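The residues making up each chain are set out below.
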Amino acid sequence: ARAIASRVLGVPIALISLIDAERQWFKSKVGIEGDSSPREDAFCAHAILHDEPMVVNDAQRDRRFVENPFVTGPPKVRFYAGAPLQVPGGYNLGTLCAIDTEPREFTEEQKATLSDLAALVVEQLELRTALRAQTMAQTALSVAEAQLRRHFRMLNGIVDGAGDGIAVVDAHRRPIIVNPAALKILGLPSAPSGSEPWSGFEGALRADGSHARLPSAELPIARALRGEETDGLEMVVPRGEADIYLSVTGRTLRDDSGNAA
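Residues numbered from 1 in each chain as written. Predicted model: local features only at pLDDT ≥ 70, side-chain atom pairs only at ≥ 80, totals over all residues. Heavy atoms only, no water.

## Describing the confidence of the model for the chain
Convention followed: Every residue gets a pLDDT, meaning the predictor's confidence in that residue, from 0 to 100. By the criteria applied, helices consist of DSSP H or I runs no shorter than four residues and strands consist of E runs no shorter than two, each listed in order from the N terminus.
Per-residue confidence for the chain averages 85 on the pLDDT scale, and 91% of its residues sit at or above 70. Across the chain, strand β4 (residues 54-56) holds the top mean pLDDT of 95, while helix α1 (residues 2-9) sits lowest at 65.

What follows is the structure in structure tokens.
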């Protein structure tokens, strides 16, 4: 935009200037050296106070700038036109300005052209900001995914190495996690794919000496699916001549909102 401003408006100097509390920064420039200057010397510090382009036809005849170091010294500014870079919300963060070393007039059409180019600069700045935010979000997501994978590997290591049997099932009793200790208890060579393996618990007996059958509704899996908790329920699972005596604890897994996960 600053190169277009230089060509279209026929000026030797054009720049995009951003203003902070102490300095003006030349983010893009044609025909001028340096990267910044003190705010107190900046024509642009005056231009951002307006919503329309500020035009100085001859700086040597303008009491605001006649002693300005950019007028008395290089680049010997005589003409200045600056359109504010206004972002949504009405805040002016800098200017697109056209500068000449000779005094000149500036038509209304040229003012409109400068304003249009300033609007184009703002659109480019907003696009860059959006792209930068998207890149940062993607980076943060990648980091979070890597951390999640690392935590998942740690969790798997802890669960697989546990001496107690651990099984996590979904709402349909399908297994999500079954550690080696649980597979050994169930007498399975590998993780089951359906809900059938849990049917082996349907014939479980109370371990209180009564040998009474434990109702299906009281099984830890059934209770957990209803949102109830089981702590250390002792039960016997018949296995022919080698019955299995178990102490079972069941919990419903919940998300941060307290809903069953």
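Let's pick the thread back up.
## Overview of the pairing of strand β6 (residues 91-100)
The criterion, for reference: With a 1.4 Å probe rolled over the protein chains alone, any residue whose accessible area is under 20% of its type maximum counts as buried; one over 50% counts as exposed, and the rest are partly exposed. Each pair of strands is called paired provided DSSP finds at least two bridges between the two strands.
For β6, the buried fraction is high: eight of the 10 residues fall into the buried class. In the sheet, strand β1 (residues 13-19) pairs with β6 via six bridges, with the strands oriented antiparallel. Considered in β6, the bridge of I16 is made with L96.

## Comments concerning the sheet that holds β6
Let me state the cut-off plainly: Interaxial angles span 0 to 180 degrees and are taken between N-to-C directions of axes, which are lines fitted to C-alpha atoms, for helices over the stretch in contact. For this analysis, residues touch if any pair of their heavy atoms sits within 4.5 Å.
The six strands lie next to each other as β3-β2-β1-β6-β5-β4, forming an open sheet whose pairing is antiparallel. Each of the sheet's edge strands pairs with one partner strand only, and the pair in question is β3 (36-38) and β4. Averaged over all neighbouring strand pairs, the angle between strand axes comes to 25°, with direction disregarded. Pairing of strand β5 (residues 79-87) with β6 involves eight bridges; the strand directions are antiparallel. Looking at β6, one finds that F79 is bridged to D100. On top of the sheet, helix α4 (residues 108-161) reaches β1, β4, β5 and β6; it is set at about 40° to β5, its chief contact.

## A closer look at the sheet that holds strand β11 (residues 244-250)
Across the sheet, which stays open at both edges, the three strands sit in the order β9-β10-β11 with antiparallel pairing between neighbours. At either margin of the open sheet sits one strand with a lone partner, and together these are β9 (205-206) and β11. Pairing of strand β10 (residues 230-237) with β11 involves six bridges; the strand directions are antiparallel. Directly across from L233, in β11, lies its bridge partner V248.

## A short note on the environment of G209
Inspection of the secondary structure puts G209 in the loop between β9 and α6 (220-225). The exposed category is assigned to G209, whose relative accessible area is 56%. Each C-alpha atom, one on G209 and one on D243, is 14 Å from the other, the two residues being 34 residues apart in sequence.

## With respect to the side chain of N92
Counted only if it meets this: Whenever a nitrogen or oxygen atom comes within 3.5 Å of another N or O atom, the pair is scored as a polar contact, on the condition that within protein one atom can donate a hydrogen and the other can accept it, and that pairs from neighbouring residues in sequence are kept only if both atoms are in side chains.
Take N92: it is sitting in strand β6. The buried category is assigned to N92, whose relative accessible area is 9%. Among the polar contacts listed, one links the side chain of N92 to the backbone oxygen of I48, at a separation of 2.8 Å. Polar contacts involving the side chain of N92 include one to the main-chain carbonyl oxygen of H50, which spans 3.1 Å. Apart from residues no more than four positions distant in its own chain, N92 is found in contact with I48, H50, D51, P84, L85 and Q86.

## Some thoughts on α4
Where we set the bar: Helix span, expected: 1.5 Å multiplied by one less than the number of residues in the helix.
Taking 1.5 Å per residue as the helical rise, α4 with its 54 residues ought to reach 80 Å, and the 79 Å between its terminal C-alpha atoms agrees with that figure. Every buried residue of α4 is listed here: Q110, L114, L117, A118, V121, V122 and V159.

## A closer look at the side chain of N179
The topology assignment puts N179 in the loop between β8 (175-178) and α5 (180-186). Judged by relative accessible area, which is 0%, N179 ranks as buried. A polar contact of 2.8 Å, which involves the side chain of N179, links it to the backbone nitrogen of I166. Leave out the neighbours within four places in its chain, and N179 touches V159, D160, A162, D164, G165 and I166.

## What to know about the packing of aromatic side chains
The geometry of an aromatic ring pair is captured by two quantities: the separation of the ring centres and the angle between the planes. Operational definition: We call Phe, Tyr and Trp rings a pair once their centres come within 6.5 Å, taking the six-membered ring for Trp, and we label the pair stacked below 30 degrees between planes, edge-to-face above 60, and tilted otherwise. Charge-over-ring contacts are defined here by two conditions on Lys NZ or Arg CZ: a distance within 6 Å of the ring centre and an angle within 35 degrees of the ring normal.
A complete count under the given rule lists three aromatic pairs for this structure. Between the aromatic rings of F43 and F65, the centroid separation amounts to 4.1 Å while the plane-to-plane angle is 10°, which identifies the pairing as stacked. With F43 in the loop between β3 and α2 (44-47) and F65 in the loop between β4 and α3 (69-72), this residue pair connects regions lying 22 residues apart in the sequence. Pair check on accessibility: F43 and F65 agree, each one buried. Arranged with centres 5.4 Å apart and planes meeting at 50°, the rings of F79 and F106 form a pair that is tilted. Taken together, the residues F79 in strand β5 and F106 in the loop between β6 and α4 connect sequence positions 27 residues apart. Residues F79 and F106 agree in their burial class; the two are buried. Every member of this aromatic cluster is reached through a ring pair, and the members are F43, F65 and Y80. Directly above the ring of W25 sits R23, whose terminal nitrogen or CZ lies 5.9 Å from the centroid.

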